[in-house]
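The lines below spell out each chain.
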Amino acid sequence: MGEQVRRAVYPGSFDPPTMGHLDIIQRAARLFDELIVAVAVNSQKQSLFSLDERVQMLRECCGHLPNVRIASLEGLLARFAQQVGACAIVRGLRAVSDFEYEFQMATMNRQLAPEIDTCFLMTHQQYAFLSSSIVKEVARLGGAIETLVPPNVAHKLRERFAPQTAGTPHPSGEST
Ligand code: COA
């Protein structure tokens, strides 16, 4: 009898991916035979990077992990996880404040796909304060982001915010 592949899905919006995400990816990749990082379109959030850009950034920073693949996620996560034959959904928990939202999602996903469990990994202490929004804010204002995101992501962020940080200041002081 062949061994069953233990496959997990790690979903998120990854706008952009941070060192905190990479930490979870590396650790989950050690726990499962295969990890699919699923880049979602979050209708509640306006993204800085397109879905394709986010997928590309993740492919670049996960290239050294042979059992990790990156996919885009449209539609329901629970259905996607079933379609790819996953036994688990992986999520990172940074602080108590994450719990309520995560609990709600895990409960809903369990209703939709009872055979798939959500596994929570504690985010490394070093990255507990990180979020994609905070990284974008620091980058937009020209702060150092090299320790917060992988080098390819730092490059992309600098490129994206270059007109605001290197150019002449906008008369209204506004930036997007
Ligand atoms: N280190 C650092 N930051 C982390 C982190 C970690 N380990 N884990 C999460 N974060 C941050 C993210 O950067 C993000 O920051 P932001 O809010 O500033 O952008 C925040 O925590 C949460 O983001 P993320 O983990 O990407 O989750 P999300 O809330 O953007 O996405 C989905 C949630 C995609 C999983 C959810 O919307 C989903 O499943 N969508 C598919 C549709 C569906 O099935 N909906 C029903 C769900 S029950």
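Up top is the structure these notes are about.
Because the structure is a prediction, the values reported are computed rather than measured.

**Structural notes on the pattern of salt bridges**
Moving on, step 1. The full count for this structure, using the stated rule, is 10 salt bridges.
Moving on, step 2. Between R91 and E102 there is a salt bridge, with the nearest N and O atoms lying 2.8 Å from each other. Here R91, found in strand β4 (residues 88–93), pairs with E102, found in helix α4 (residues 96–112); they are 11 residues apart in sequence, far enough to count as distant.
Moving on, step 3. Given the relative accessible area of 16%, R91 is considered buried.
Moving on, step 4. On the basis of relative accessibility, which here comes to 4%, the residue E102 falls in the buried class.
Moving on, step 5. A salt bridge links D98 to R94; the shortest N-O distance between them is 3.0 Å.

**Quick notes on the packing of aromatic side chains**
Moving on, step 1. Inspection of the entire model under this criterion finds two aromatic pairs.
Moving on, step 2. The interplanar angle of 75° and the centroid separation of 5.4 Å between the aromatic rings of Y10 and F14 together place this pair among those described as edge-to-face.

**Re α4**
Moving on, step 1. With 17 residues, α4 extends 25 Å from end C-alpha to end C-alpha; this agrees with the ideal 24 Å at 1.5 Å per step.
Moving on, step 2. Taken as a whole, α4 carries its principal kink of about 25° at E102.
Moving on, step 3. Buried within α4 we find D98, E102, A106 and N109.
Moving on, step 4. In this structure, the buried side of α4 is in contact with α3 (77–83), β4 and β5 (117–122).

**Concerning the layout of surface pockets**
Moving on, step 1. By volume, the largest pocket amounts to about 1400 Å³.
Moving on, step 2. Forming the walls of the largest pocket are 48 residues, and the residues nearest its centre are G12, S13, N42, K45 and Y101.
Moving on, step 3. For the lining of the largest pocket, the elements supplying multiple residues, two or more each, are β1 (7–12), α1 (19–31), β4, α4 and α5 (132–140).
Moving on, step 4. No other element matches the nine residues that α4 contributes to the lining of the largest pocket.
Moving on, step 5. Across the lining of the largest pocket, the residue classes break down as 17 nonpolar, 20 polar and 11 charged.

**Observations concerning empty space enclosed by the protein**
Moving on, step 1. Taken as a whole, this structure holds one cavity of 30 Å³ or more when the rule is applied.
Moving on, step 2. As for the largest cavity, its lining consists of L77, I89, R91, E102, M105, A106, N109 and T118.
Moving on, step 3. No other element matches the four residues that α4 contributes to the lining of the largest cavity.
Moving on, step 4. Here the lining of the largest cavity is composed, by residue class, of four nonpolar, two polar and two charged.

**Thoughts on a nonpolar patch on the surface**
Moving on, step 1. Nonpolar side chains collect at one region of the surface, where L76, M108 and L112 lie side by side and expose about 250 Å² of accessible area between them.
Moving on, step 2. Among the structural elements, M108 can be located in helix α4.

**Observations regarding the site of the ligand**
Moving on, step 1. Near the ligand lie 25 residues; those nearest to it are S13, L77, Y101, S132 and S133.
Moving on, step 2. Side-chain polar atom of S133 to an oxygen atom of the ligand: 2.3 Å apart, as the coordinates give it.
Moving on, step 3. Computed on the free molecule, the ligand has an accessible area of 940 Å², of which 86% lies beneath the protein chains in the complex.
Moving on, step 4. When atom positions are compared with the pocket grids, the ligand is found to occupy the largest pocket.
Moving on, step 5. The biggest single contributor to the shell around the ligand is α4, with four residues.
Moving on, step 6. Class assignment for the residues of the shell around the ligand results in 10 nonpolar, 12 polar and three charged.

Scoring rules and cut-offs
- Residues numbered from 1 in each chain as written.
- Predicted model: local features only at pLDDT ≥ 70, side-chain atom pairs only at ≥ 80, totals over all residues.
- Heavy atoms only, no water.
- Salt bridge = Lys/Arg side-chain N within 4 Å of Asp/Glu carboxyl O.
- Helix = DSSP H or I, 4+ residues; strand = E, 2+ residues; numbered from the N terminus.
- Buried < 20%, exposed > 50% of the residue type's maximum accessible area, 1.4 Å probe, protein only.
- Phe/Tyr/Trp six-rings, centres within 6.5 Å; stacked < 30°, edge-to-face > 60°.
- Expected span 1.5 Å × (residues − 1).
- Bend = angle between axes of the 7 residues up to and from the residue.
- Contact = heavy atoms within 4.5 Å.
- 1 Å grid on protein atoms, 1.4 Å probe; cavity = no way out; pocket = protein on both sides within 12 Å on 5 of 7 lines; lining within 4 Å.
- Points joined across faces, edges and corners; volume = space filled by probe spheres on them.
- Nonpolar A, V, L, I, M, F, W, Y, C, P; charged D, E, K, R; others polar.
- Patch = residues over 30% accessible without salt bridge, like charges linked within 9 Å, V, L, I, M, F, W, Y side chains within 5 Å.
- Areas by Shrake-Rupley, 256 points an atom, 1.4 Å probe, with all protein chains shown as cover.
- Near = heavy atom within 4 Å.
- Polar contact = N/O pair within 3.5 Å; in protein donor to acceptor, adjacent residues only side chain to side chain.
- Sits in = over half its atoms within 2 Å of the grid points.

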